[in-house]
Structures are given as structure tokens and as C-alpha cells.
Amino acid sequence: MPNLNRTSFQTKLNRVIGFSLVISLLILSITVNIIERKYSREALVEELEVISDIVVDNSIASLLFFDIERAERNLDSTKHHNSIDALCLYDSNHAIFSRYERDKKVKCEAEMPEFFAGSAEVEVNAPDATKVVYFNGRIILVNGINEAGRSLGHLVLYANETALISEQLRLTSILIIVFSLTLIATYLFTRGLLSGLLKPLNLLLLTARKISQKGNIGERAERLSNDEVGDLVDAFNHMLESIEVENEAVFQSESRFRTLAENAPIGIYLKDKNNVPLYVNEKWRQITGFNQEYSHASYLASIVEGDVLRYENFLENSLQSMKTQMLEYRFRKAGEHSDSVLMEYITPVIVNRSRQEGEQLSGYIGSLVDVTELKVAQMELEKLAYYDPLTNLPNRRYFRDHLEKELSQAQESDNAVAVALVDLDNFKRVNDSLGHDAGDILLSVLADRLRQRLNKNDIVARMGGDEFYIVLKDLHDIETIDSITRRILDALSQPIRIKNHFVEITASIGLAIYPHHAQIPEELIRNADIALYKAKEQGKNRVAWFSGDMEAIVREKMHLESRLRQAVFNSELEIYIQPQFDTNTHSWGWGEVLLRWNDLDEGFIPPDKFIPVAEETGIISYIDEWVLRASCQLLRDHGTELEALGIKGLSVNMSAKQFYSRAMIEAVKRAFNDFGVSPSKISFELTESMIIEDINLAISTMEELRRLGCSISLDDFGTGYSSLSYLKKLPLDNLKIDRSFISDIPGDSNDVAITEAIIAMAEKLNISIVAEGIETEEQRDFLIANKCYRMQGYFFAKPMPIEQLLQLTVNRADSQTG
């Protein structure tokens, strides 16, 4: 709608110019009038003075001779001058002598009036000369008449300003005409001039209106003049370009935001300060079940009753703090019977109105996430953090926290608390024979049995694997503990039917009691573990109590561990070689690398004493790698001499920890590369118990070692599971009969039968056989008779350092064979 009260800029400028012109002309006219009046009056006065002087000169004789008639004629001679109204001639006594009166309104007084009194304005041109008086709109001239220094009288002339006024009116009329013509001409001129000058501005205005009405920011104003207006047009166009760029950026940003918002995996909304929705995305509608036309009241009605007040406080806190707030609350969609858990973030939108008003709340922007599944997962994670998922028993973390609390309460009440560590005997066999699923079923059943056999205040937890920890409370005497542990052993030993198999398993228990055996949880658990180790050593399926002797054993093991670490660090370990002898070819064959430790303080420490400690503590990994590298170095330095003896390569024992290490293959390759040794010169000896831990991974690792060029030997065969089902799958090159079967042959018929069977089986499987522990001639002859020709033992050669080995001869071994 156009503004009816609007006045254009051109009109305003015309008015200003017109008003200024009018004022200027008025001032000029008034000034001209004033000046003209002044000069006209002065001219009139001068003319009247001349007339007055003539009349005065002509009146001297009349006054001297008292000739009144002549004086009248003299005065009457001025009647042709329209400005003279009257002439009054007074004698020396100021009495009227003669008069001329044309205007009846002007009368000559009988006596000369006092012209210098009252409000009369008197102008005296010179002493004793004509005096001019302006009085009541008339000009009065008083002229003294003197003769020879004697005053004869005075002449008073009364004149009007009618002619003067007429002239002034004529001049004013002319000025008005000129003023009007000037004003019209000026208006027409300035109108045309302003139209030309304002044309660029009008075009700029039209362009701005087009942009305002059509929204086409691409419009541009045309520059028509090379002046400030042209500069204004350029600035306007530059502003439009900047706005266009900014609008495009805003559009792109809004487009990206809208795309992001519409495809966001979370609900996004915008509300005004009265909680009226301005925008919600699709995800928000999916989460809440509302469309954009929902009301705040209906939304509150969908929040679970117990959380409504929290939600309202949440909005209030956001309003008061003017900061982002977060809240989790329960929400139920219309038509659903279960609650969802929503997490909402809300941020006030602040605008700066003015300095006086400061920051003002415009509305809210927020996000909404359905965290129901996350909360369920969180609860599950919390459960996993404290409970074993297989048995639903408390786990190690829960057990330690609980034990700490129990010991604190026991200290206050001066009661005893027992910790029992339960470990299943030979549980691995169940996994290996029936599979891990069967093992899991077994653990779940046994966990239920443990719960049932314990008192309600006692706690049983699964530590992982086949190990359970128990806290026993309310203990009155030793018999109470014995009764509980017997119930546990009896419950665990009962047969369980799994996959059509009856499984029988036993358990070993280690016991430690607070405060007798330890004061803090860590020591109590450690001492119970020591007792469990003792129960295993004593034959399993039993209960062992912690004692000081056990602690001494542990301290000895810790001392040995410390000495072993120092020995590894100081390179005090040595490798010895025990060669194998082939009785069929009468030559030395491979040599087995054996580890020896001569401690500087304690002397020789046998391998069966320090190797278990190394395996328990993890030191065995460093030892294994060192032995391999030392063996490769020995082959590099003495390979030619060993081959001269007939020793084709070295057998290296590998621990389970090293065998299943991910870095093992790379360590082996690095050793071969560093010392330039062919992999065919190394054979790795593995034990049955090691391989059976993970038969599939073991086969894969063995095949990878064989692909490198190494050979594989199964050490101590017959002492482990000796299962033909896995033996035929293993990628083996050699089978070593354990010395425990050799030591009593040929006297022990069982050992004879087992040894014969192993040799026959290896022959059928096309696996080379090696017998260990040959110490007698009878053992040698028995093995030769059963076609086992490769032998190793003290009968042929003891383990020895490389220097001694190089002095060995075949003749020496032959002398042993007779």
C-alpha cells in the first residue's frame, strides 16, 4: 500500500529551494524598498529645501516692507508642487504673517508651534539653516529668514509623502511581478534540473523496489552519472553483490543444515519462547509419534508421570541459566504399552535486540535421542562389569569389592572370614573331548550347585576359566569350614549328563582364613591360591589349608624368579647340545639344544626347577627367543664342524607361551635372517600338552613353521593325551618317545607294549621316531629289535657345551654299540 502522507525527495527539495528563494526575494524586496524609500525621501527633502530657500529669499522684502500681498503671491507660487500641503510665514515675533494652505487638514497656527517638543523627530542639517521635522507622516521644514544678521521671521513648509508612497507602491508592484516571474522560472528550472539530477536516484529507488517486491537479488542499478550519485549506484550494486553472495552462502548453509537435519539419526527441533514448535525433523516425529502440530501440553502428557516435574524444571533451568541443558526421561508414545528412555539436549536461542534491551530469549533449539536400547545395553554392561555372563555369578571385580567390605565388617565385629579358591581338576579334557559348549554347560551346572551348597550369606564368584572364589562367613569353628568344603566337593563330583555323556569331574580347594592367614584382601586371596597349588600337588580332589610352610615355598619361588631375571639380563644361561645317534647308519644325527644355568652364587640349578618358574612368570618368552638366536649363532659359527661330525641341525624346544605368541613367526624369521642360517637346520620340539591347548591354531602355526623350511618334532610322546584323532592331523616330521617309557624296558611289560605300539604307529603314519633317555645296552638293543634306530641318551652322549661336542667322534658312539 502506498503511503498517502509520503512526500518525495524532489518535492522536499523543490520546497526547500522555493522557500529559500521566497525568503531571499522578500529580503531583497524589503531591502530595495527601504533603500528606495530612504533615497526618495532624501531627494524629496532636497527638492523641498530648494523650494523653501527660494520662498525664503522672496519673502525677505515682504517682511521688511510688510507686504502681505506679495508674501501671499510668493507662497502661492508653490501650488504646482503636489507634495506641498501648506506654507506658513511668521514674522520675527513668531506671529503668522502670511499663509498658503492647499490641504484643508493642514492649518497654519497663529503662532509658530514648538516643533522641537513632544515626539517630533527633528533633523537639523546645519546651525541656523533649514530644519527638517518628520511629524505625523508629514515632512515639515523650518527655515529661518535673516537679513544682515537680523532675524526677520521663519518659513514653515508642510509637505506630504503621497508621491513618495505612490512611487513605493509602484516599485513594490514591479518587485512582486518580478518576484513571481522569478519564482515561476526558478521552479520550472529547478524542477527540470532536479529531475535530471535525481533520475539516477529514482532509478536506484525503482531497482530497490523491484528487489523488494520480486526478491530478485540479481537486479542491478544503472550508473548514469560520473559523480557522487554514480558512486552511490556502484556502492549499491556492490552491496547487492555482497548480499547475493551472502544469501547464496546462507542458502547453501540452510540447505546443508536442512539436509543434515532431515537425515540426522537424532531428532532435531526448533521452538519459540512459548514452546510452540517451529520445526521438527522426521527423526523427531518417529521418536515421539507427534507431527509438527503437537502442543506442549500434549507432549508433557506423554512423559511418564514421575518425570514430568523433572522435565519442567529442566526447561526452567535452561531459561534461567541461558546455557545448554541435558535430561534423560521416560516417554510413552500414544498407543504403546512400554516406556522409552529419551535423552534431550536443549539450548536457548539468544538475540541481541539493542544495548538498552540486552540479550533476549528468542526460542529453543534442541536434539532428541531414543537411548532405550543404549540404557538396556548399559545395564547389561554394568551386569557384565560385575557378573559372569555364563554362570550369572559375581565376577572378579565384584568379588574383590565385596571381600574388602566383608573384611572391614569382620574387623569391626571381630569375626573370621574364609576365602576358598575352587579349581576344577582336568577341566580342559572336557573341552577337548566334548567341545567348549559342553564345558560351558558343565560350568553353569556346577555354578548352580555351588550356590545351592553355600549359606545365604556366603558369596561365590567365577574368576574365569574353571576357577571359583568363595567368601565364607558366620564361621564358628574349623568343623564348620570342613563341612562346607565337603559339601562343595561332593556336589561337584556328582556325574552330569551332557550331550548323551555322563561327565564326572573333581575339584581342588585352597583355603585361607582372616585374620589368621592374612589381614588384607590381596594377601588372603594370594594365600588361598598358594593352598590351592598345594592341593593340586597333593593329588587334586582335596582341600588344602594355607600354612607358613607354603609361604616359604612361594618366597623361594620368588627368589628364584628374581635370580632368573638377573641371569637372563646378565646372559648367565648357556646352551648345551645332546646329539642323537643313528644305530642303523652308525653316525651322529641331529642335536637337541638344552638349557643350563650355573648361578654365580648358588651353582648349578637344574632345568626342571627354573623352567616352571620361567613359564609361570612369562620369562620363558625371552628365554625361548634367546635360545633360538644362540642356536642360530652356533650354527653360523660352527656349522661346518658340526656337519663334519654328521650333525645336520639342531632341535630347539619351544614353550606354549612362545608358540602361541603372534610375534613368534616374525621372531623366527628375524633370527634366521640375522645369522644367515637356513631354516632346514632347525627343528622345533613341541609337547602334546602344548598342542592340545588349541589344536586348530597349533596345526596352523606348525604348518607355517614348516613352510619356512623348519621341521617339527612331537616331544615326550605318550605322556599327554596321545590321541590318534589329532595325531594324524598334525604336520609332524618326528615323534620322540618319552624317557618314562624307556627307563623300565625291557623289564616292564606295559612299557614294552606301549613303546612297541608307538613305534608301529609312527611307522604306519610315516613319521620318523626318536627314543629319548637311552642309558643301557638292553634299552638300545630292544629299540633296534623294534626298528627304532634313532636314539638319544646318556648311553651315547651327555648334553655338553659346543667346545666339548666338537671333540666328539663317531668311534666313541660305535664303541657303545659294540
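Residues numbered from 1 in each chain as written. Predicted model: local features only at pLDDT ≥ 70, side-chain atom pairs only at ≥ 80, totals over all residues. Heavy atoms only, no water.

**Quick word on the overall build of the protein chain**
Thinking step 1. A tally of regular secondary structure across the protein chain gives 26 helices and 27 strands.
Thinking step 2. For the protein chain, whose C-alpha radius of gyration is 66 Å, the value lies well above the compact-globule estimate of 28 Å for 818 residues.
Thinking step 3. Seen through its principal axes, the protein chain has C-alpha atoms that stretch 210 × 70 × 55 Å.
Thinking step 4. For the protein chain, with 818 residues in total, the buried portion stands at 42%.
Thinking step 5. In the protein chain, of all internal contacts separated by at least 6 residues, the share reaching a separation of at least 24 is 61%.
Thinking step 6. For the protein chain, the exposed area adds up to about 44,900 Å²; of that, 52% sits on carbon and sulfur atoms.
Thinking step 7. Distance from the positive charge centre (87 side chains) to the negative charge centre (121 side chains) of the protein chain: 5 Å. (Helix = DSSP H or I, 4+ residues; strand = E, 2+ residues; numbered from the N terminus. Rg over C-alpha atoms; globule rule 2.2 N^0.38 Å. Buried < 20%, exposed > 50% of the residue type's maximum accessible area, 1.4 Å probe, protein only. Contact = heavy atoms within 4.5 Å. Areas by Shrake-Rupley, 256 points an atom, 1.4 Å probe, with all protein chains shown as cover. Lys, Arg positive; Asp, Glu negative; His and termini not counted. Charge placed at Lys NZ, Arg CZ, Asp CG, Glu CD.)

**Notes on the packing of aromatic side chains**
Thinking step 1. If you walk through the whole model with that rule in mind, you get 15 aromatic pairs.
Thinking step 2. When the centroid spacing of 6.1 Å and the interplanar angle of 40° are considered together, the rings of Phe 290 and Tyr 299 count as tilted. Residue Phe 290 shares its accessibility class with Tyr 299, and that shared class is buried.
Thinking step 3. On the basis of relative accessibility, which here comes to 2%, the residue Tyr 299 falls in the buried class.
Thinking step 4. Here the aromatic residues Trp 284, Phe 290, Tyr 299, Tyr 311, Phe 314, Tyr 329 and Phe 331 are joined through ring pairs into a cluster of three or more.
Thinking step 5. Positioned above the aromatic ring of Tyr 576 is the side chain of Arg 596, whose terminal nitrogen or guanidinium carbon lies 5.9 Å from the ring centre. (Phe/Tyr/Trp six-rings, centres within 6.5 Å; stacked < 30°, edge-to-face > 60°. Lys NZ or Arg CZ within 6 Å of the ring centre and 35° of its normal.)

**Structural notes on a negative patch on the surface**
Thinking step 1. A contiguous patch of negative charge, built from Asp 401, Glu 404, Glu 522 and Glu 523, is present on the exposed surface.
Thinking step 2. At the level of elements, helix H9 (396–413) and helix H13 (521–537) are the ones that each hand at least two residues to the negative patch.
Thinking step 3. Relative to the helices and strands, Glu 404 is located in helix H9. (Patch = residues over 30% accessible without salt bridge, like charges linked within 9 Å, V, L, I, M, F, W, Y side chains within 5 Å. Salt bridge = Lys/Arg side-chain N within 4 Å of Asp/Glu carboxyl O.)

**Things to note about the pattern of salt bridges**
Thinking step 1. Summed over the entire model, instances satisfying the criterion amount to 32 salt bridges.
Thinking step 2. In this structure, Glu 161 and Arg 41 form a salt bridge, with 2.8 Å as the shortest nitrogen-oxygen distance. Of this pair, Glu 161 sits in the loop between strand E6 (150–159) and helix H3 (162–214) while Arg 41 is found in helix H1 (residues 9–64), placing the two residues 120 residues apart along the sequence.
Thinking step 3. The class of Arg 41 is partly exposed, set by a relative accessible area of 22%.
Thinking step 4. Between Asp 781 and Arg 780 there is a salt bridge, with the nearest N and O atoms lying 2.9 Å from each other.
Thinking step 5. On the basis of relative accessibility, which here comes to 4%, the residue Arg 780 falls in the buried class.
Thinking step 6. Several salt bridges converge on common partners, so that one network encompasses Glu 592, Glu 685, Lys 736 and Glu 772.

**Some details on the packing of helix H18 (residues 664–675) against helix H20 (residues 695–708)**
Thinking step 1. Taken N-terminus to C-terminus, the directions of H18 and H20 make an angle of 15°; their axes are 11 Å apart at the nearest point. Judged by the angle between their axes, H18 and H20 are roughly parallel. The element H18 and its partner H20 pack so that their crossing is right-handed. Across the interface between the two elements, Met 664, Ile 665, Val 668 and Lys 669 of H18 pack against Thr 701, Glu 704, Leu 705 and Leu 708 of H20.
Thinking step 2. Counted by class, the contact of H18 with H20 contains 5 nonpolar, 1 polar and 2 charged residues. (Axes fitted to C-alpha atoms, helices over the stretch in contact; angles between N-to-C directions. Parallel < 35°, antiparallel > 145°, perpendicular 65-115°, else oblique. Left-handed = near helix turned anticlockwise from the far one by under 90°. Nonpolar A, V, L, I, M, F, W, Y, C, P; charged D, E, K, R; others polar.)

**Brief notes about unusual backbone geometry**
Thinking step 1. The omega torsion across Tyr 514 and Pro 515 is 5°, close enough to zero to call that bond cis.
Thinking step 2. You can see Pro 515 is positioned in the loop between strand E17 (507–514) and H13.
Thinking step 3. For the bond running from Ile 745 to Pro 746, omega is 5°, close enough to zero to count as cis.
Thinking step 4. Tracing the sequence through the fold places Pro 746 in the loop between helix H22 (739–742) and helix H23 (749–764).
Thinking step 5. For Met 322, which is not glycine, the phi torsion reads 55° and is therefore positive.

**As for the side chain of Arg 790**
Thinking step 1. Mapping Arg 790 onto the fold places it in strand E27 (residues 790–792).
Thinking step 2. Of the side chains bearing the opposite charge, Asp 582 lies closest to the buried Arg 790, which forms no salt bridge; the N-O distance is 5.6 Å.
Thinking step 3. In this structure the side chain of Arg 790 is engaged in a polar contact, spanning 3.0 Å, whose partner is the side chain of Asn 734.
Thinking step 4. Looking at Arg 790, its side chain comes within polar contact range of the side chain of Ser 768, at 2.7 Å.
Thinking step 5. Not counting residues up to four positions away in its chain, the partners in contact with Arg 790 are Gln 580, Phe 581, Asp 582, Trp 590, Asn 734, Ser 768, Ile 769, Val 770 and Ala 771. (Polar contact = N/O pair within 3.5 Å; in protein donor to acceptor, adjacent residues only side chain to side chain.)

**Focus: the nonpolar core**
Thinking step 1. If you look at the biggest cluster of nonpolar residues, it comprises 79 residues, and the most contacted ones within it are Phe 659, Phe 684, Leu 732, Leu 735 and Leu 783.
Thinking step 2. Once residues within four sequence positions are removed from consideration, Leu 735 is found in contact with Leu 714, Phe 717, Leu 727, Ile 758, Met 761, Ala 762, Ile 767, Ser 768, Ile 769 and Val 770.
Thinking step 3. Core analysis: the next-biggest nonpolar cluster, separate from the first, contains 32 residues, Ala 420, Val 422, Leu 424 and Leu 472 among them. (Core = buried A, V, L, I, M, F, W, Y, C linked by side-chain atoms within 4.5 Å.)

**Quick notes on the sheet that holds E17**
Through backbone hydrogen bonds, the strands of a sheet pair up, either in parallel or in antiparallel fashion.
Thinking step 1. Pairing within the open sheet is mixed, and its 5 strands lie in the order E13-E14-E12-E17-E18. Both edges of this open sheet fall to strand E13 (459–464) and strand E18 (543–545), since each of them pairs with a single strand only. On average, adjacent strands in this sheet sit at an angle of 20° to one another, irrespective of strand direction.
Thinking step 2. Against the sheet, helix H12 (residues 478–493) contacts strand E12 (417–424), strand E14 (467–472), E17 and E18, and its axis sits at roughly 155° relative to E17. (Pairing = 2+ DSSP bridges.)

**Looking at the packing of H3 against helix H4 (residues 228–263)**
Thinking step 1. The contact between H3 and H4 brings their axes to 10 Å, and the two run at 15°. When the interaxial angle is binned, H3 and H4 end up roughly parallel. Crossing angle aside, the handedness with which H3 passes H4 is left-handed. Across the interface between the two elements, Pro 200, Leu 201, Leu 204, Thr 207, Ala 208 and Ile 211 of H3 pack against Val 229, Leu 232, Val 233, Phe 236 and Leu 240 of H4.
Thinking step 2. Residues that form the contact of H3 with H4 fall into these classes: 10 nonpolar, 1 polar and no charged.

**Some points on the state of the cysteines**
Thinking step 1. This structure, assessed with the given rule, holds 1 disulfide.
Thinking step 2. Each disulfide pairs two cysteine sulfurs, and for Cys 88 the partner residue is Cys 108, the sulfurs being separated by 1.7 Å. A torsion of -85° about the S-S bond marks the disulfide between Cys 88 and Cys 108 as left-handed. On the criterion of sequence distance, the pair formed by Cys 88 in strand E1 (residues 84–91) and Cys 108 in the loop between strand E2 (96–101) and strand E3 (121–124) is long-range, its members being 20 residues apart. In this structure, Cys 88 and Cys 108 share a single accessibility class: buried.
Thinking step 3. Cys 632 takes part in no disulfide bond, and the closest cysteine sulfur, belonging to Cys 710, lies 8.6 Å away.
Thinking step 4. Since its relative accessible area comes to 0%, Cys 632 is described here as buried. (Disulfide = S-S within 2.5 Å.)

**Thoughts on the pairing of strand E5 (residues 138–147)**
Thinking step 1. Across 5 bridges, the pairing between strand E4 (residues 131–135) and E5 is antiparallel. Its bridge partner lying in E5, Val 133 is registered against Ile 140.
Thinking step 2. Connecting E4 to the antiparallel partner E5 that follows it, the hairpin turn spans 2 residues, and Asn 136 within it adopts a positive phi of roughly 55°.
Thinking step 3. One ladder, built from 9 bridges, connects E5 with E6; its direction is antiparallel. Across the sheet, the residue bridging to Leu 141 is Leu 157, located in E6.
Thinking step 4. Where E5 folds back onto E6 in an antiparallel hairpin, the turn is made up of 2 residues, including Ala 148, whose phi is positive at roughly 55°.

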